[in-house]
Amino acid sequence: MNVAFINPFINATILLFKTMVHLDAFAGKPALKKQPFPAYDVSGIIGLSGDAQGSVAISFPRLVALKVVSAFLGSEIKIMGSEVVDGIGELANIIAGNAKQDLSQYNLSISLPQVVVGNDHVISGQTGIPAIIIPMTCSLGNFAIEISFKTK
Amino acid sequence: MRILLVDDSSTMRRIQKTQLNNLGVTDIFEAGNGEEGLEILANTTALDYILLDWNMPVMDGITFLKKVRGNGAYAGIKIIMCTSESEKTRVIEALKSGANDYIIKPFTPDAIKEKLKL
């Protein structure tokens, strides 16, 4: 996978955290995903289509998801419920949409977000499309971005 | 000032509402998609602004925008896109379809303040 495709998603995540979660987020070293690889407990997933196809997911441990959505909302959430699910979906939506401006050559469309909640669930990409995991961290804990992308 | 928020994310609507409240705006209506937005428009008078998301289920923002701009009764309402759709082609499409301005998510409270001239 071309690194030029990964950076827009990392940059969009860092910008989103700085602007609306009010935290600095940092990216670790991207790694090729080896199947099956369990994600964290809560994942927001957006499908990508157009002159390329794939998906982007942002995945959090349960406690980090609660804290991040609380910071995003500016109001503490204590229970894993619809507020956290909606918040994680919106974070994924903003990352995917914002990254598109640096990927305009692919004429990408983004799907509505899907959110998966469950301990150590696995995000399965489409067969034949390589997936990259980028470990991320912020002062509230670790999380990850997972990008699966293939040009036509 | 009366504002309608049209966004499928309840989280985003809460963030926008808090920011608007902090700017002194309290007359706020909410819709989760374009269809709900049209229902509120039909039953509400004297709206000043609509903050409009693009990607939503049932009826998306661009369809809603074209329907509203196709109805002269709503000509006085300023519509500001507030969406993660960030490419120039999308911005141009929205402005050509009748949007008055465009905010790209993520945004700061200052962006809302500036675009709504508060």
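Every value quoted in this text rests on a predicted model; they were computed, and no experiment measured them.

**Thoughts on the overall build of chain B**
Each helix and strand counted, chain B has five helices and five strands in total. N-terminal to C-terminal, the α/β element order of chain B is β-α-β-α-β-α-β-α-β-α. Relative to the 2.2 N^0.38 estimate, which gives 13 Å for 118 residues, the radius of gyration of chain B is 13 Å and therefore close to what a compact globule would have. Along the three orthogonal principal directions, the C-alpha set of chain B runs to about 35 × 35 × 25 Å. Split into buried and exposed, the 118 residues of chain B put 41% on the buried side. In chain B, of all internal contacts separated by at least 6 residues, the share reaching a separation of at least 24 is 62%.

**What to know about the overall build of chain A**
Helices and strands together make up the secondary structure of chain A, namely three helices and eight strands. Helices and strands appear in chain A in the N-to-C order α-β-β-β-β-α-α-β-β-β-β. For 152 residues, the compact-globule formula gives about 15 Å, and the C-alpha radius of gyration of chain A, at 14 Å, lands near that figure. With the C-alpha coordinates of chain A rotated into their principal frame, the extents come out at 45 × 30 × 30 Å. Sorting the 152 residues of chain A into buried and exposed places 45% on the buried side. Here the analysis covers contacts within chain A between residues at least 6 apart in sequence; of these, 68% occur between residues at least 24 apart.

**Overview of the interface of chain A and chain B**
Counting residues at the interface gives 21 residues for chain A and 19 residues for chain B. For the side of chain A that touches chain B, the secondary-structure elements that each account for two or more residues are α1 (3-21), α2 (62-73) and α3 (82-99) of chain A. Ranked by residue count, the leading element in the side of chain A that touches chain B is α3(A), at nine residues. A class-by-class count of the residues in the side of chain A that touches chain B yields eight nonpolar, nine polar and four charged.

**Digging into the pairing of strand β4 (residues 78-83) of chain B**
All names here are of chain B. In terms of burial, β4 is largely enclosed, as five of its six residues are buried. Note that strand β3 (residues 49-52) and β4 share four bridges and pair parallel. In the strand pairing of β4, L52 is matched with M81. Each parallel crossover has a hand, and for β3 linked through helix α3 (residues 61-69) to β4 it is right-handed. For β4 and strand β5 (residues 101-104), the ladder comprises four bridges, and the chain directions are parallel. By the bridge assignment, T83 is partnered in β5 with I104.

**A look at the nonpolar core**
Of all hydrophobic cores here, the largest spans 52 residues; its most connected members are V56(A), I88(A), A92(A), I95(A) and I145(A). At the level of secondary structure, the elements contributing two or more residues to this core comprise α1, β3 (42-49), β4 (52-60), α2, α3, β7 (131-138) and β8 (141-151) of chain A together with α1 (10-22) of chain B. Counting residues in hydrophobic clusters, the runner-up holds 25 residues, among them V68(B), M81(B), A99(B) and Y102(B).

**Re the pairing of β4(A)**
All names here are of chain A. Where burial is concerned, most of β4 is hidden: seven out of the nine residues are buried. Taken together, the seven bridges between β3 and β4 define a ladder with antiparallel strand orientation. Paired with V42 across the bridge in β4 is F60. Summarising the sheet, β4 and β8 pair through eight bridges and their orientation is antiparallel.

**Focus: the packing of α2(A) against α3(A)**
Residues and elements named next belong to chain A. Here α2 crosses α3 at 75°, and the two axes come no closer than 9 Å. The pairing of α2 with α3 is recorded here as roughly perpendicular in orientation. Of the residues in α3, those in contact with A65, L66, V69, F72 and L73 of α2 are E83, V84, G87, I88 and L91. Looking at the contact of α2 with α3 residue by residue, the class counts come to eight nonpolar, one polar and one charged.

**Some remarks on the sheet that holds β4(B)**
Residue and element names in this part refer to chain B. Taken together, the five strands give an open sheet; going across it, the order is β2-β1-β3-β4-β5, and neighbouring strands pair in parallel fashion. What marks the edges here is a single partner per strand, and that holds for β2 (27-31) and β5. The mean inter-strand angle of the sheet, taken between neighbouring strand axes irrespective of direction, is 20°. When strand β1 (residues 2-6) meets β3, the two strands line up parallel, connected through four bridges.

**Section: the confidence of the model for chain B**
It should be kept in mind that the predicted coordinates are not to be read in detail where pLDDT is low. Averaged over every residue, the pLDDT of chain B is 96; residues scoring 70 or more account for 100%. Across the assembled chains, the prediction reports ipTM 0.94 with pTM 0.95.

**Some details on α3(A)**
Its 18 residues give α3(A) an end-to-end C-alpha distance of 26 Å, which sits within 8% of 26 Å, the value for a rise of 1.5 Å per residue. With respect to burial, α3(A) is a largely interior element, 16 of its 18 residues being buried.

The rules behind these values
Residues numbered from 1 in each chain as written. Chains lettered and ligands numbered in written order. Predicted model: local features only at pLDDT ≥ 70, side-chain atom pairs only at ≥ 80, totals over all residues. Helix = DSSP H or I, 4+ residues; strand = E, 2+ residues; numbered from the N terminus. Rg over C-alpha atoms; globule rule 2.2 N^0.38 Å. Buried ≥ 20, exposed ≤ 12 C-beta atoms within 10 Å, placed from the backbone. Contact = placed C-beta atoms within 7 Å. Nonpolar A, V, L, I, M, F, W, Y, C, P; charged D, E, K, R; others polar. Pairing = 2+ DSSP bridges. Right-handed = clockwise from strand over helix to strand, strands pointing away. Core = buried A, V, L, I, M, F, W, Y, C linked by C-beta atoms within 7 Å. Axes fitted to C-alpha atoms, helices over the stretch in contact; angles between N-to-C directions. Parallel < 35°, antiparallel > 145°, perpendicular 65-115°, else oblique. pLDDT = per-residue confidence, 0-100. Expected span 1.5 Å × (residues − 1).

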